[in-house]
Amino acid sequence: MSETTLVVGPAGLWDAEALGDVAAATFPLACPPGTAPEDIETFLAAMLSAERFGEYLGDPDRIVLRAAEDGELVGYAMLHVGTPEDPAIAEAVELHPAVELSKLYVLPGRHGSGVAAALMRAALEHAAAAGGAGVWLGVNQHNARAQRFYARSGFERCGTKTFRVGAELHDDFIMRLRF
């Protein structure tokens, strides 16, 4: 059996379609049980399509990272540099300047393989290089596995927020890591 080579680095416009494919395979796993499939599909079409990734990749306030094993995209992370638009989130986060880790997803077959940890390291390095005082994120309150991963990565809970998936509102914890 040969070893695979993991490479994590900035994504390019040529990755938009593959990023959309990985998002379609991974986002439903982060949703709470019982989330309506039509709401997940609505969210994917509106926020995680190849076209949207093309927009994200052209946004100077976003950093999209890709993780590839032997050339195949197996995960991604997205950072958003800037103060949260919601004043209640900004108050809870207390980071100036703030960097949001808005997405970090790995294909299910790669969970536990070190891909998420490599993406997290790269995301934190990029956030620091962008001048962030730290990083914040939202994670669904029912997603215990992700919460454990973020806690192991140094994040702590600092508040709550809601997150819309289609017509449904979900409760998220806000977590932050100060540099």
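Residues numbered from 1 in each chain as written. Predicted model: local features only at pLDDT ≥ 70, side-chain atom pairs only at ≥ 80, totals over all residues. Heavy atoms only, no water.

Attention now moves to the nonpolar core. Ranked by internal contacts, the top residues of the largest apolar core, which has 48 residues, are Phe27, Phe53, Leu101, Tyr150 and Phe155. A per-element tally of this core places helix α5 (residues 115-129) first, with 7 residues. One finds Ile89, Val93, Ala98 and Ile174 within the second-largest nonpolar core, a separate group that totals 8 residues. (Core = buried A, V, L, I, M, F, W, Y, C linked by side-chain atoms within 4.5 Å. Buried < 20%, exposed > 50% of the residue type's maximum accessible area, 1.4 Å probe, protein only. Helix = DSSP H or I, 4+ residues; strand = E, 2+ residues; numbered from the N terminus.)

Inspection of every chain in the model, using the stated rule, returns 9 salt bridges. A salt bridge links Glu94 to Arg176, with the shortest nitrogen-to-oxygen separation between them at 3.6 Å. In this pair, Glu94 is assigned in the loop between α4 (87-93) and β4 (99-106) and Arg176 in strand β7 (residues 168-178), connecting sequence segments 82 residues apart. On the basis of relative accessibility, which here comes to 11%, the residue Arg176 falls in the buried class. Taking the shortest distance from any N to any O, the salt bridge between Glu156 and Arg176 comes out at 3.7 Å. Residue Glu156 is found in strand β6 (residues 156-165), and its partner Arg176 is found in strand β7; the two are separated by 20 residues along the sequence. By relative accessible area, Glu156 is classed as partly exposed at 44%. Residues joined by salt bridges that share partners form a network here, namely Glu94, Glu156, Arg176 and Arg178. (Salt bridge = Lys/Arg side-chain N within 4 Å of Asp/Glu carboxyl O.)

Packing of helix α1 (residues 16-30) against helix α2 (residues 37-47) brings their axes to within 10 Å, and their N-to-C directions diverge by 140 degrees. Judged by the angle between their axes, α1 and α2 are oblique. For the crossing formed where α1 meets α2, the hand is right-handed. In contact with Ala23, Ala24, Phe27 and Pro28 of α1, α2 contributes Ile40, Phe43 and Leu44. (Axes fitted to C-alpha atoms, helices over the stretch in contact; angles between N-to-C directions. Parallel < 35°, antiparallel > 145°, perpendicular 65-115°, else oblique. Left-handed = near helix turned anticlockwise from the far one by under 90°. Contact = heavy atoms within 4.5 Å.)

Turning our eyes to something else, we now look at the side chain of Thr35. Topologically, Thr35 is positioned in the loop between α1 and α2. The buried category is assigned to Thr35, whose relative accessible area is 10%. A polar side-chain atom of Thr35 sits 2.7 Å from the main-chain carbonyl oxygen of Pro32. Sequence-distant contacts of Thr35, that is, excluding residues within four places in its chain, are made with Ile40, Val165, Glu168 and His170. (Polar contact = N/O pair within 3.5 Å; in protein donor to acceptor, adjacent residues only side chain to side chain.)

A few words on the packing of α1 against helix α3 (residues 50-58). As a packed pair, α1 and α3 sit with axes 8 Å apart at the nearest point and diverge in direction by 120 degrees. The angle between α1 and α3 falls in the class oblique. For α1 against α3, the interelement crossing comes out right-handed. Between α1 and α3, the residues in contact are Ala16, Glu17, Leu19, Gly20 and Ala23 and Ala50, Phe53, Gly54 and Leu57, respectively. Partitioning the contact of α1 with α3 into residue classes produces 6 nonpolar, 2 polar and 1 charged. (Nonpolar A, V, L, I, M, F, W, Y, C, P; charged D, E, K, R; others polar.)

Under the defined criterion, the tally for this structure stands at 8 aromatic pairs. Where Phe53 meets Tyr56, the ring centres are 5.7 Å apart and the plane angle is 85 degrees; that geometry is what we call edge-to-face. Highlighted residues: Phe53 and Tyr56, both in helix α3, separated by 3 residues, approximately one helical turn. Pairwise contacts between aromatic rings join Phe27, Phe43, Phe53, Tyr56, Tyr76, Tyr105 and Phe163 into one cluster. (Phe/Tyr/Trp six-rings, centres within 6.5 Å; stacked < 30°, edge-to-face > 60°.)

All quantities given are derived from atomic positions and should not be read as evidence of function.
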